[in-house]
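Coordinate inspection notes
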Amino acid sequence: MKRKVISLALALSIVLTGCGAQKAPDNQDSSGPQADAAVQEGGAAEAQREDPFGRYEEPVTFTVALSVDPNEVFPEGDSYTDNQYTRHIKEELNVDIEYLFTASSSDWDTKVNLAITSNQIPDAMVVSSTQFNQMYKAGQLADLTDFYEKYASDAMRAMIDSSDGLAIENVSYGGRMYAITSPSDGDYELTWIRKDWLDKLGLDVPQTVDELEDVAKAFVENDVSGKGTIGIVGPQSGGLLNATFLSNGTNNYGFDSFFSGFGAYPGWWILGDDGVPVYGSITQQTRNALEKLAEWYAQGLIDPEMGIRQDASEPIISGRAGIFSGGWWMGYACLPDVIANDPQANFQAYAIPIVDGTGEYEPHATGASTSYLVVSKDCAHPEIAIKLNNLLIRDESSFDTSKGNIGNFPCRIPFGMHDESIFTVNALREVLAGTKTSDDFTEEQFSLYKLLKNDLATIKTVKLEPYDSTDIDTWDVQADPSSWARNYSLMVGWGALIDGARSDVYSVIYSQTPTMEQRWANLEKMENETFMKIIMNQEPIEAFDTFVEDWKAQGGDTITQEVIEYYESKK
Amino acid sequence: MIQGKSFSRRVFRAVNGVILTALVLSCLLPLWYTLCISLSGKSAVAGGMVSLWPVDVTLSSYEAIIKDAGFIRSAGISFCRVVLGTAFSLTVIVLMAYPLSKSKREFPWRDAFMWILIFCFLFNGGLVPWYITMKNYGMINTMQGLVLAGGVPVFNVILVMNFFRNIPKSLEEAAIMDGAGPWMILLRLILPISKPVVATVSLFTIVNYWNEFFQGLVLATTERMYPLQTYIQQMVVTLNMTNMTLEQYQKVSKLSNQGLNAAKIFVALLPVLAIYPFLQKYFITGITLGAVKE
Amino acid sequence: MRSMHKRKRYSAYFCMLLSGFLWLVFFNIVPMFGIYMAFTNFNPGLGIFRSPFVGLENFEYMFVLGDVKQVFFNTLYIAVSKVLWNLIIPLLFALLLNEVSHGFFKRLVQTICYMPHFLSWVILAGILASIFSYDGPINAIRGLFGLEPFLFFGSTKAFPQLIIWSDVWKEFGYNAVIYLAAVTGIDQGLYEAAAIDGAGRWKQTWHITLPGIRTTIVLLSVLALGNVLNAGFDQVFNLYNPSVYSTGDILDTWVYRAGLRNFQYSLATAVGLLKSVVSFALITVSYWLAKKFANYTIF
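**Observations regarding the overall build of chain B**
When you go through chain B residue by residue, the secondary structure sums to 15 helices and one strand. Buried residues in chain B amount to 46% of all 294 residues.

The structure is reproduced here in structure tokens:
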């Protein structure tokens, strides 16, 4: 009943504010859906800045959708719909947050896709890149360009600008922004190795692909775990061999870092030797890499159950596996369980294997986050989505997250500086080395690097002497497990990324072209199946050549042409 | 019986006993395994160390369930749904089955209705149109949505219909002679002698409503309205945790407590297992007479 | 006078049918407008009826996709095998169980064997995965015979068998209930007469039990025809992984992925529609078959 009244009020407000301005529901309309006619009066089309934290005189209802953790425990009386964040928003902006739907992470995609296909979308929500493209195509999105110009706070601009335009480019069509996203740290994968096993066998840290192979072989042949050692972990059932230009989050337990050692970038649109974009999965380098991985699989170096396990981290946790490819934040992921089972398990991260010739680690990288904040074209106040994030960036550090996960902040995009982790690691190192203290950092730095203050305050509770080593026995995990997770990930994971010589490989494109919308799902499926079978020795490496032909014939050539056109247009 | 004492008969019995025991074990072990997981420590489970005996025995999973308001609430919703749904579904099934059990001579439109029923059973517009329709009816987030969407299982209608057909015609003819109308006949004559099939269909309906999760998932916009199976399904499904950002990972990491999940599965199984023996005495007659028409 | 009675009776029948058919109209026939999507290039922003009409394009594309042919074949193979074994195994089980004279043991076996029927596939998937895993019990047993460990869930050959047999395992106790009931329904006098004539148990089974439940067998087989394209969404969905898509993907899982994951909603609807049409044809055929050859009306 309540919902009906609200939607009625909403419909009414759209009619009142929106009529006249919204002549056509056409997204391409260069002026965009202008709800606010006042801007036009000044004559200058360029938006003048408005108060990024402006409070509404009358209460405004704003519907959102939220991905929730059903196990979360709130303080007495609080809930997803009524908690410190919603109250803060009400107080600061006079906005009432309504939830069109909430879902746990496992149902989230289903619910969002259902909302999109049935055209029952909230005023704003956070979606994935594929969902964003689909919504744009369906004409469901509001043009946010002018709202961003008018309402984004200085801090938000600083963060978005730190990505060199990528964070804007990824959400733009025809020069207009249809979503807000944040820069990302890069979502690199590294090679994680049990250093205690290297020491036990007297081995050096491997650098090249061949050395890595030798280490895996030594682990397996000596059965260094004593319970049937698995050299290299592979993806789980449904897991990806590698991140792709569309699923470009961190791909844990895939083969990403190993692929890059061959100069192979499957799933990435890279520039060929001739400077023309080419799909990384069909290159000779990828063929070489697959051939080698198949060889490793045949030799028993790779988990024989790759692709089948329900949880790829299982052999890591049970202390049987020695090498895997994963993101910098493994301290949050499987490592706490690993250490719970074996406190001496010393997983360290390495920016390897390096590429022959250059001697550098050349991982594939992303420039912007995979979370897109989108606003419905029917929303009466699109600027609220931006104001909410202004508020979040300003006040995030003042919230007590023990009274509710920060993820429950409506429409939250994990904003951060492009170099957040690098800056933090360097700061931590200097504080540990005694060359700086917390007082040497400015308030502005603390406001842009939101967690820095807390990181500096807690590092010494979990990090023991000697400070120049990151081995597991120089940490006190129990002192503060959550702060250990962050600091270990930063110092070990990002530490390795900072110290090694590295050059990043970006994809030419991170979104779908028109033909992809029709054909990509099937091409991708063909690729996954073929590669998986080649690695698992179910098909010979020649299957790769057949795949390349089929891929080209079934739309790949057309798509490549479209990507080339896209690339040329961006130049 | 004389043959029962022969040697080959005894061998057969022994072999038969072994085969049947093996089958029984194959059915019991998975449940036992689930129980073991639910009683084992978290690290042991994640490390794959539990097989047929609990490791690091703990009752913490069951303690957690008792304190879990979400679980209790979902169980309540499921219970409500089963009670209301069974009442609704049974009424509709019986009311449909009776006219359809008539021959074409007794009720000329009978075949037409039957084929419409079969057609509707097989064709559907797909998830999205169905969802939009439900939304327009106001079925989202409501108990009537959970009850009504479950619908009329055609198989059950056929079962009851066939049972009715097996009732001797003479009974009904006598009633007609006495001037009883169809409603009277159905309520006073047919239903009282149809206890077995009603019990059987009740069981099917109860289990269907209890086990259904997909509609629960689609029709609820918040976990507060999830029926129990949906609640469990969304905790148990294996998440693809391999390709995500740290942000996303932090949101799901708390979900993967296999021991707790196993305990929840086990608790959710109990009601169904408890109700079956209760209805079993009617079950066999109901299903036989419903399925076989002589 | 007679026709008055008749009309009164008919109107009562219509009244009874009303509740059910109203439900069908509202909850089944109204959403059926969505089938139109199969003939459009569906755009959620425009809605079903304003999306551009493309005629049979989706169906043409469907037949171009090698995928769909494979998926049809997988579905047929898995579903038909399931139908066959789900008829045969429970029958054998029922016959074996019928030979048990110990009443308690008989009831115990029966009661336990239908338990898996009530376990959901979500749960069973997890259990099966660990039982058939590389270092799980099945491979441990293979090891005893000197066999190499085998990846059941990663093998395109083994996967369909796993699907078929895990389903047979889950349902055999439950499916046997109908057979058992039919067996119990056989006139005990026949057995006694046969025993007096000197017929052994084998002969009794062959000449009395099997003919006695013939109708049940025919009925179940004919009913099963309608399931020839139902390979079991819940089961496959929870057990499969990309490496076995080529033999394990079935129509229902494919439609789900295409529609809700990949946003190919029109294509998914087209495939779903084709499935409905074929199933409807099969059921019609089975109806006439049963009527013609067994003089039996299924519904």
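**As for the overall build of chain C**
Scanning chain C from N- to C-terminus turns up 14 helices and zero strands. Helices (α) and strands (β) of chain C occur, in sequence order from the N terminus, as α-α-α-α-α-α-α-α-α-α-α-α-α-α. Taking 19 Å as the expected radius of gyration for a compact globule of 299 residues, we find that chain C reaches 25 Å, considerably beyond that expectation. Taking all 299 residues of chain C together, the buried fraction comes to 41%.

**So, helix α11 (residues 195-211) of chain B**
With 17 residues, α11(B) extends 24 Å between its outermost C-alpha atoms, agreeing within 8% with the 24 Å of an ideal straight helix rising 1.5 Å per residue. Along α11(B), the positions that sit buried rather than exposed are B:P196, B:V197, B:T200, B:V201, B:S202, B:L203, B:F204, B:T205, B:I206, B:Y209 and B:W210.

**What to know about the interface of chain A and chain C**
Contact with chain A, which involves 26 residues of that partner, is made by 24 residues of chain C. Listing elements by their share of the side of chain A that touches chain C, those giving two or more residues are α4 (105-117) and α20 (514-535) of chain A. Top contributing element to the side of chain A that touches chain C by residue count: α20(A), with seven residues. Its residues assigned to classes, the side of chain A that touches chain C comprises eight nonpolar, 14 polar and four charged.

**Observations regarding the pairing of strand β11 (residues 321-326) of chain A**
All names here are of chain A. β11 sits mainly inside the fold: six of its six residues count as buried. Sheet topology note: the strand β6 (residues 190-194)/β11 ladder contains four bridges and is antiparallel. Opposite T191, over in β11, you have S325 as the bridge partner. In the sheet, strand β7 (residues 230-232) pairs with β11 via two bridges, with the strands oriented parallel. Paired with I232 across the two strands is I323, which belongs to β11.

**Focus on the interface of chain B and chain C**
With 61 residues of chain B in contact, the opposing surface of chain C contributes 62 residues. Looking at which element gives the most residues to the side of chain B that touches chain C, the answer is helix α1 (residues 7-39) of chain B, with twelve residues. Here the residues of the side of chain B that touches chain C sort into 45 nonpolar, 14 polar and two charged.

**Section: the confidence of the model for chain C**
Residues and elements named next belong to chain C. Mean pLDDT for chain C: 83, with 95% of residues reaching 70 or above. Mean pLDDT per element in chain C: helix α5 (residues 121-131) is the minimum at 72, and helix α3 (residues 66-98) is the maximum at 90. Reported for the predicted complex are a pTM of 0.77 and an ipTM of 0.78.

**Examining the confidence of the model for chain B**
Scored by pLDDT, chain B has a mean of 80; 83% of the residues are at 70 or more. Per-element mean pLDDT across chain B ranges from 57 in strand β1 (residues 243-244) of chain B up to 91 in helix α4 (residues 69-100) of chain B.

**A few points about the sheet that holds strand β12 (residues 347-350) of chain A**
Residue and element names in this part refer to chain A. A sheet is described by the order of its strands in space; here four strands give the open sequence β7-β11-β6-β12, paired in mixed fashion. Strands with a single pairing partner mark the edges of an open sheet, and in this sheet they are β7 and β12. On average, each strand axis in the sheet is inclined to that of its neighbour by 25°, with strand direction left out of account. Of the strands in this sheet, β7 and β11 are in contact with helix α10 (residues 209-221), which crosses β7 at around 170°.

**Some thoughts on helix α19 (residues 481-499) of chain A**
With 19 residues, α19(A) extends 26 Å from end C-alpha to end C-alpha; this agrees with the ideal 27 Å at 1.5 Å per step. Burial analysis of α19(A) places 14 of its 19 residues in the buried class, which makes it a mostly covered element.

**Overview of the packing of α1(B) against helix α4 (residues 103-113) of chain C**
Taken N-terminus to C-terminus, the directions of α1(B) and α4(C) make an angle of 35°; their axes are 9 Å apart at the nearest point. Between α1(B) and α4(C) lies a crossing whose hand is left-handed. Of the residues in α4(C), those touching α1(B) at B:L20, B:L23, B:V24, B:C27 and B:L28 are C:V109, C:I112 and C:C113. Its residues assigned to classes, the contact of α1(B) with α4(C) comprises eight nonpolar, no polar and no charged.

**Observations concerning the nonpolar core**
Membership of the largest hydrophobic core comes to 205 residues, with the highest contact counts inside it found for A:A179, A:L373, A:V374, B:A97 and B:V160. Excluding its chain neighbours within four sequence positions, the residues that come into contact with A:L373 are A:A124, A:V126, A:A179, A:I180, A:T181, A:A385, A:C411 and A:I413. Counting 96 residues, the second largest nonpolar core, distinct from the first, contains A:F255, A:W329, A:W475 and A:I535.

**Considerations on the environment of A:E565**
Residue position: A:E565 is located in helix α21 (residues 543-570). Take A:E565: there are 12 C-beta atoms within 10 Å of it, and that puts it in the exposed class.

**Section: the packing of α4(B) against α11(B)**
Residue and element names in this part refer to chain B. For the pair α4 and α11, the least separation of the axes is 9 Å and the interaxial angle reads 140°. The orientation of α4 relative to α11 falls into the category oblique. α11 is crossed by α4, and the crossing has right-handed handedness. Across the interface between the two elements, S78, R81, V82, G85, T86, S89, L90 and I93 from α4 touch V198, V201, S202, T205, I206, Y209 and W210 from α11. By residue class, the composition of the contact of α4 with α11 is eight nonpolar, six polar and one charged.

**Thoughts on the pairing of strand β3 (residues 124-127) of chain A**
Residues and elements named next belong to chain A. Every second residue of β3 is oriented toward a common face, with A124 and V126 on one face and M125 and V127 on the other, all of them buried. In the sheet, β3 pairs with strand β14 (residues 372-375) via four bridges, with the strands oriented antiparallel. When the bridges of β14 are listed, A124 appears paired with V375.

**A closer look at the environment of C:G154**
Residues and elements named next belong to chain C. Tracing the sequence through the fold places G154 in the loop between α6 (137-144) and α7 (158-184). With 23 C-beta atoms counted inside 10 Å, the residue G154 sits in the buried group. With 86 residues separating them along the chain, G154 and Y240 place their C-alpha atoms 8.9 Å apart.

**Let's talk about unusual backbone geometry**
Residue and element names in this part refer to chain A. The omega angle of the peptide bond from I352 to P353 is 0°, so this bond is cis rather than trans. Cis geometry marks the peptide bond from E465 to P466, where omega comes out at -5°. Its location among the elements puts P466 in the loop between α18 (452-462) and α19. Its identity as a non-glycine residue notwithstanding, C411 has a phi of 60°, on the positive side. Looking at where C411 falls in the secondary structure, it is placed in the loop between α15 (383-395) and α16 (420-433).

Cut-offs used in this document
Residues numbered from 1 in each chain as written. Chains lettered and ligands numbered in written order. Predicted model: local features only at pLDDT ≥ 70, side-chain atom pairs only at ≥ 80, totals over all residues. Helix = DSSP H or I, 4+ residues; strand = E, 2+ residues; numbered from the N terminus. Buried ≥ 20, exposed ≤ 12 C-beta atoms within 10 Å, placed from the backbone. Rg over C-alpha atoms; globule rule 2.2 N^0.38 Å. Expected span 1.5 Å × (residues − 1). Contact = placed C-beta atoms within 7 Å. Nonpolar A, V, L, I, M, F, W, Y, C, P; charged D, E, K, R; others polar. Pairing = 2+ DSSP bridges. pLDDT = per-residue confidence, 0-100. Axes fitted to C-alpha atoms, helices over the stretch in contact; angles between N-to-C directions. Left-handed = near helix turned anticlockwise from the far one by under 90°. Core = buried A, V, L, I, M, F, W, Y, C linked by C-beta atoms within 7 Å. Parallel < 35°, antiparallel > 145°, perpendicular 65-115°, else oblique.

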